[in-house]
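Fold and geometry: a report
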Amino acid sequence: MAANPRFRFLYVVWAFLECLLFGGLLYGWGSLVFVLKEDRVFSDLCDTKNLSVSDVSELGDKSTESLDAYTVAADSSHNASDVKENGLELNLNCPARDKRLTLVFTIGSLLFCVGCAAMGQINFKFGTRITRLCALVCLTGGTLLTGFTSYDSPWLIFPGLSLLGVGGIPILMTNMQFSMLFTKGSSTVVSMLSGAFDASSGVMLVVKLLHEGGTALRWSMIFITCFHAMTLVNTFFFLPQQFISKAPPQPAGEDPMDFEGAVELIENNARNDGSAKNAVNTETETLKEKGQMQKKELPSLVSCIVSPVYWLHVVWLSILQLRFYYFLGSLNFWLTELLSTKEEVSYYTNVCLYTMMCGVVTSPVAGIIYDIFKRVFANSRSQLGRDLMPAVIPLALTSVLGIILSLLVLFDSESILYPAFVFNTLFRSFIYAMGAAYIGVMFPSEYFGILYGLMIILGGIISLAQYGFFEWQEATGVMSVNGFLIAFMTVSLVHPVYQWICCRRAESQVVIEE
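Residues numbered from 1 in each chain as written. Predicted model: local features only at pLDDT ≥ 70, side-chain atom pairs only at ≥ 80, totals over all residues. Heavy atoms only, no water.

Turning our attention to the state of the cysteines. Chemically, a disulfide is nothing more than a covalent bond linking the sulfur atoms of two cysteines. This structure, assessed with the given rule, holds one disulfide. Residue pairing for C46: its cysteine sulfur links by disulfide to C94, the two sulfurs lying 2.1 Å apart. Disulfide C46 to C94: torsion about the S-S bond roughly -115°, handedness left-handed. Taken together, the residues span a long stretch of sequence, with C46 in the loop between α2 (29-38) and α3 (64-75) and C94 in the loop between α4 (80-85) and α5 (95-126) at a distance of 48 residues. On the accessibility criterion, C94 (5% relative accessible area) is buried. (Disulfide = S-S within 2.5 Å. Helix = DSSP H or I, 4+ residues; strand = E, 2+ residues; numbered from the N terminus. Buried < 20%, exposed > 50% of the residue type's maximum accessible area, 1.4 Å probe, protein only.)

Spelled out as structure tokens, the structure:
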């Protein structure tokens, strides 16, 4: 079943719900890691032999019996599980456990990027339906493996988190096609879906709140697994088996009907008018040849990949994504270092995830800004100016937001947490909204999956540097790493500046020729 433009608003609403509920579960790591610590995952790595009673003062008021149990466990060189069995919930700073959980997120975010490229290839070769069925299998495996992660089976979180990412990105990738049904505001649709993808981190926040209320992690993840069946509606009824193609540009004053519709109209008229029958074949062949010519004008995939515009965009996203991944991965470490109690860490973790859910609102802002500048530069003299100039301000604004975030986290104060979370949400919204919208506008829709996937996997390779940053922060603290990232973030400004220079040269050349 092909997508019918008359129902495009229904399609977008359904796609929005899919991205919101299942797309970016990986980004809920800040909440998930808190749940995993509560369930004592990797707590066997914590050595309690040399701890004193003062080391557990952050646990709050405990009974004398519990403290005695802790002392006995420590003196007897028992591990964290022994302490738990004696009735004391252990919540200590444990570098070995934090390092292992950091490794989980690093591998998960890398395989998320690798999976994005793999799904892009599958999408390009086999079409939309096969891609979404593969995503269904991956996300189902990811939710179940994550749900059954426990103290006895902590290794399940490695494939679990990775599959959550791999199964989530195709939901966004395939639903982006619906923007092709809108002749105006397509970038806004892309950014709105990207915002829903961002806000899906709130699903993990709900899981955390349910866990605090007594619901086991596995039951929450089983529910998500069952509810994920709703994506089959889109797979088999709304989206086509292959692709929704971008409509070819129409000359001014020409009816926007596509050539296939024109052929059908001519043939229908011919049935009612015998005198037109002789002209039908000629007109039909002309329209079909026009359609073939339009298809042949499609640039090659290789030419798109090797273009400087594409590679600058890849570098731009890689730098900004590394900044975002480091903030998300180090959130629990940063809050634990900055705050004094477990309750405060839990509260601000919730605040961060609540704020990220506002990406539903902030991401469309990026698309709206992009669409506004497309109208502003629609009458530029050069084709380059019409294509590239609208992206200059939104891309530069994204880099500036990342620099401001890096400046905020340098302040060792609880008062900067709220503005830091707000700028992180704005930053993340603009990264992926502009990352996807730019490719959707600059390149053919048939190549979107593979170009977007290749960009994400290259960005994922760069994001491996975050593990080095985590090692660095354990040695010197998060402030030194964030100081370096400020300088690193300024490199991303090369992308919009280069585009601006190229557009100015193209405009000047047109003026000279005139």
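On the secondary structure map, T349 appears in helix α17 (residues 342-357). Owing to a relative accessible area of 1%, T349 belongs among the buried residues under this scheme. Those residues in contact with T349 that lie beyond four places of it in its chain are G30, S31, K208 and L335. (Contact = heavy atoms within 4.5 Å.)

What follows deals with the pattern of salt bridges. Enumeration over the complete set of coordinates arrives at six salt bridges. Between R132 and E18 there is a salt bridge, with its nearest N and O atoms 2.9 Å apart. Taken as a pair, R132 in helix α6 (residues 128-147) and E18 in helix α1 (residues 8-23) lie far apart in primary sequence, 114 residues in all. Take R132: its relative accessible area is 6%, and that puts it in the buried class. Among the residues examined, E18 registers a relative accessible area of 0% and is labelled buried. One salt bridge in this structure joins E38 and K342, with 3.0 Å as the shortest N-O distance. Of the two residues, E38 is situated in helix α2 and K342 in helix α17; the sequence distance between them amounts to 304 residues. (Salt bridge = Lys/Arg side-chain N within 4 Å of Asp/Glu carboxyl O.)

Let us now look at unusual backbone geometry. Positive phi, close to 60°, is recorded for R40, a residue that is not glycine. Topologically, R40 is positioned in the loop between α2 and α3. For R40, a relative accessible area of 22% translates into the label partly exposed. Phi is positive for F42, which is not a glycine, with a value near 65°.

Looking now at the packing of α1 against helix α7 (residues 157-175). Contact pair α1 / α7: the axes reach a minimum separation of 9 Å and the direction vectors enclose 165°. The pairing of α1 with α7 is recorded here as roughly antiparallel in orientation. For the pair α1 and α7, the sense of crossing is left-handed. Contacts between α1 and α7 pair A15, E18, C19, F22 and G23 from the former with G168, I169, I171, L172 and N175 from the latter. When grouped by side-chain class, the residues that make up the contact of α1 with α7 number six nonpolar, three polar and one charged. (Axes fitted to C-alpha atoms, helices over the stretch in contact; angles between N-to-C directions. Parallel < 35°, antiparallel > 145°, perpendicular 65-115°, else oblique. Left-handed = near helix turned anticlockwise from the far one by under 90°. Nonpolar A, V, L, I, M, F, W, Y, C, P; charged D, E, K, R; others polar.)

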